[in-house]
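Residue-level listing of the chains:
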Amino acid sequence: MKKKKLPLYAKILIGMALGLAWGLSAGALGMAEFTQDWIKPFGTIFINCLKLIAVPLIIVSLVDGVSNLSDVSKLSRIGGKTIGLYMLTTVFAITLGLILVNIIQPGKLLSAERRDSLRETFAADLDKSITAAHAPAHSSPLQPLVDIVPENFFNAASNNTNMLQVIFFSILFGVAMILSNKEKIQPVKNFFDGANAVILSIVDIIMRFAPIGVFALLASLSIDMELMKALSVYSLNVVLGLALMVFVLYPTLLKLFTKVKYKEFLRAILPAQILAFSTSSSAATLPVTMDCAEKNLGISEEVSSFVLPLGATINMDGTSIHQGISAVFIAQAFGIDLSLMQQLTILLTAVLASIGAAAVPGAGIIMLIIVLESVGLDPAGLALILAVDRPLDMLRTAVNITGDSTVASIVATSEGELNTAIANDPTTNINTTA
Ligand code: ASP
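All values derive from a computational prediction rather than experimental measurement.

Rules of the game
Residues numbered from 1 in each chain as written. Predicted model: local features only at pLDDT ≥ 70, side-chain atom pairs only at ≥ 80, totals over all residues. Heavy atoms only, no water. Helix = DSSP H or I, 4+ residues; strand = E, 2+ residues; numbered from the N terminus. Contact = heavy atoms within 4.5 Å. Areas by Shrake-Rupley, 256 points an atom, 1.4 Å probe, with all protein chains shown as cover. Lys, Arg positive; Asp, Glu negative; His and termini not counted. Charge placed at Lys NZ, Arg CZ, Asp CG, Glu CD. Phe/Tyr/Trp six-rings, centres within 6.5 Å; stacked < 30°, edge-to-face > 60°. Buried < 20%, exposed > 50% of the residue type's maximum accessible area, 1.4 Å probe, protein only. Axes fitted to C-alpha atoms, helices over the stretch in contact; angles between N-to-C directions. Parallel < 35°, antiparallel > 145°, perpendicular 65-115°, else oblique. Left-handed = near helix turned anticlockwise from the far one by under 90°. Nonpolar A, V, L, I, M, F, W, Y, C, P; charged D, E, K, R; others polar. Expected span 1.5 Å × (residues − 1). Near = heavy atom within 4 Å. Polar contact = N/O pair within 3.5 Å; in protein donor to acceptor, adjacent residues only side chain to side chain. Core = buried A, V, L, I, M, F, W, Y, C linked by side-chain atoms within 4.5 Å. Salt bridge = Lys/Arg side-chain N within 4 Å of Asp/Glu carboxyl O. Bend = angle between axes of the 7 residues up to and from the residue. Patch = residues over 30% accessible without salt bridge, like charges linked within 9 Å, V, L, I, M, F, W, Y side chains within 5 Å. pLDDT = per-residue confidence, 0-100.

A. Local environment of the overall build of the chain. The helix and strand tally for the chain stands at 20 helices and zero strands. Expressed along its principal axes, the backbone C-alpha trace of the chain runs to roughly 70 × 60 × 40 Å. For the chain, the share of sequence-separated contacts (at least 6 apart) that also reach a separation of at least 24 residues comes to 85%. When the accessible surface of the chain is summed, it comes to about 18,800 Å², and 67% of that surface belongs to carbon and sulfur atoms. The averaged location of the 31 negative side-chain charges in the chain is 10 Å from the averaged location of its 28 positive side-chain charges.

Rendered as structure tokens:
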């Protein structure tokens, strides 16, 4: 009898569960050091492989995708819809966060003692974050716009946090290809077509190691997950907000604007969600998010290669919720009542902060400093939540990529570029037998 192979996502889930179990018991068994020295490196190697492929993937797939568009007006149409939807979900997320935190008021439950001990414990980490938040001295309000345009291609491509600059160059290159003489640029087109196929195979190869990588990452991360308990009401508040996005907003949007069944949507993007959870980085997850969108949801490469890299960089719904809740939580913990005007300021700065946050672990918490300062709160308050940031970062990153995939599905449907038969087919799954 032929043995049935486990699908990849099941292997990744097993890796995740074993990693969690290992991490949670390692401390008690005296294996914490062994885990850091001998298991964690495999997780780091796995993340490095994913990051390694991120820049080439964006360049090749975006150039390929854009140059396949029939004309430039289609690009601006897709671009307009994408950015509009990204803004909408972001504003919704922050508003939801603000409403929840005002109802639940977790900050008022934190005892003064606990608050002081958290501040002391995390004082050193805090200094690092504050320096990072203030590093770019933004002289003009238009500086973020200026930052999108690189002055040197190789500088831009040499740093994974310069994603928007790479996107800018790739779109420019693709648009120039549409405008150029078709015959003349055919070899260039063929090159990008071929390179795209190669990069997708690299993603498949890397994903074969995902179960081991995810095991190693979770084994080393979950060692200190216990801290989550200390700030349980605040953490639950964030988790509730994230859950409402995943189980209420996204299904509603998909139902209104697409024919994709939500259950199948979740199944399709599960590998990407698990990776986002394990790596806490939308950028590292991007190759898999794109693979899931194209192979499991039947979204055309034209749409996915434009919408998803942009989303990984500027659309962070999970981060947005977290910003809103955390800012008000810190104010509550310090006994400060924020006025409606101040909460609106938080809304506005949190939109900008979530757009500006890099798609890497812990980026959101650094941007939070700017939000806190916008309403005159002491950024030292960040110390109160640093302890639980990693697990919450894992969860919000998974929501970030779920939001990106939702918008990609809507934009693709509106352009007639989502294959509903593939999306709603419970048997399609990338690398099912890897
Ligand atoms: N880690 C998140 C991401 O990569 C950003 C954040 O810290 O909220 O999407």
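B. Structural context of the packing of aromatic side chains. With the rule as written, the count across this model stands at nine aromatic pairs. With centroids separated by 6.5 Å and ring planes inclined at 35 degrees, the aromatic side chains of Trp22 and Phe34 adopt a geometry described as tilted. One end of the pair, Trp22, is in helix H1 (residues 8-26); the other, Phe34, is in helix H2 (residues 32-68), and twelve residues separate them in sequence. By relative accessible area, which is 27% here, Trp22 ends up partly exposed. The structure contains a cluster of three or more aromatic residues connected by ring pairs, namely Phe153, Phe154, Phe169, Phe173, Phe191 and Phe192.

C. Structural context of the packing of H2 against helix H10 (residues 210-221). At a minimum axis separation of 7 Å, H2 and H10 run at an interaxial angle of 130 degrees. Here H10 runs oblique to H2, going by the angle between their axes. Two packed elements cross with a definite hand, and for H2 against H10 that hand is left-handed. Across from Thr35, Gln36, Ile39, Lys40, Phe42, Gly43, Phe46 and Ile47 in H2, the residues of H10 making contact are Ala210, Gly213, Val214, Phe215, Ala216, Leu217, Ala219 and Ser220. Of the residues contributing to the contact of H2 with H10, the split by class is ten nonpolar, five polar and one charged.

D. Quick look at helix H19 (residues 389-414). Its 26 residues place the ends of H19 37 Å apart at the C-alpha level, agreeing with the 38 Å of an ideal helix rising 1.5 Å per residue. Counting buried residues in H19 gives 22 out of 26 residues, a clear majority hidden from the surface. Two residues or fewer past H19, Gly416 is found with a positive phi of approximately 65 degrees.

E. Fine view of the site of the ligand. In the neighbourhood of the ligand, 16 residues make up the surrounding shell, with Ser282, Thr319, Gly364, Asp393 and Arg396 lying closest. Note that a nitrogen atom of the ligand is positioned 2.9 Å from one of the backbone N or O atoms of Ser280. Note that a nitrogen atom of the ligand is positioned 2.7 Å from one of the side-chain N or O atoms of Asp393. For the ligand, the accessible surface in isolation is 270 Å², of which the surrounding protein chains cover 100%. A total of four residues in the shell around the ligand trace back to one element, the largest contributor, which is H19. Along the lines of polarity and charge, the residues of the shell around the ligand split into six nonpolar, eight polar and two charged.

F. Spotlight on the nonpolar core. Core analysis: the biggest nonpolar cluster contains 128 residues, and Tyr234, Val307 and Ile385 have the highest contact counts within it. In terms of residue count, the dominant contributor to this core is H2 (twelve residues). Val307 has contacts with Ile78, Thr82, Tyr86, Asp404, Val407, Ala408 and Val411, leaving out every residue within four places of it along the chain.

G. Looking closely at unusual backbone geometry. The phi angle at Gln105 is positive, at roughly 50 degrees, despite the residue not being glycine. Looking at the secondary structure, you find Gln105 in the loop between helix H3 (72-104) and helix H4 (112-121).

H. Seen up close, the pattern of salt bridges. A full pass over the atoms with the stated rule returns twelve salt bridges. For Asp193, the salt bridge goes to Lys189, with nearest N and O atoms at 3.5 Å. Of this pair, Asp193 and Lys189 both sit in helix H9 (residues 182-208), four residues apart, which is roughly one turn of that helix. For Asp193, a relative accessible area of 36% gives the class partly exposed. When its relative accessible area of 12% is taken as the criterion, Lys189 is described as buried.

I. Region of interest: the side chain of Glu417. Residue placement: Glu417 occurs in the loop between H19 and helix H20 (420-423). A polar atom in the side chain of Glu417 sits 2.6 Å from the side chain of Lys74. Once you skip the residues sitting within four places of it in the chain, Glu417 turns out to touch Lys74, Gly298, Ile299, Ser300, Glu302, Val303 and Ala412.

J. Up close: helix H13 (residues 282-296). Val288 marks the point of greatest bend in H13, at about 30 degrees. Taken across its 15 residues, H13 has 14 buried, putting it largely inside the fold. The positive-phi residue at the C-terminal boundary of H13 is Gly298, with phi of around 70 degrees.

K. Local environment of a nonpolar patch on the surface. Judged by side-chain polarity, Ile99, Ile103, Ile104, Leu109, Val233 and Leu240 come together as a nonpolar surface patch covering roughly 520 Å² of accessible area. Position of Ile104 among the secondary structure elements: in helix H3. Taking relative accessible area as the criterion, Ile104 reaches 32% and is therefore assigned partly exposed.

L. Region of interest: the confidence of the model for the chain. For the chain, mean pLDDT is 86; residues scoring 70 or higher make up 91% of the total. Ranking the elements of the chain by mean pLDDT puts helix H5 (residues 123-134) last, at 66, and helix H11 (residues 232-257) first, at 95.

M. Expanded view of the side chain of Gln165. Relative to the assigned elements, Gln165 resides in helix H8 (residues 163-179). Discounting chain neighbours no more than four positions away, the residues touching Gln165 are Asp147, Ile148, Val149, Pro150 and Ala156.

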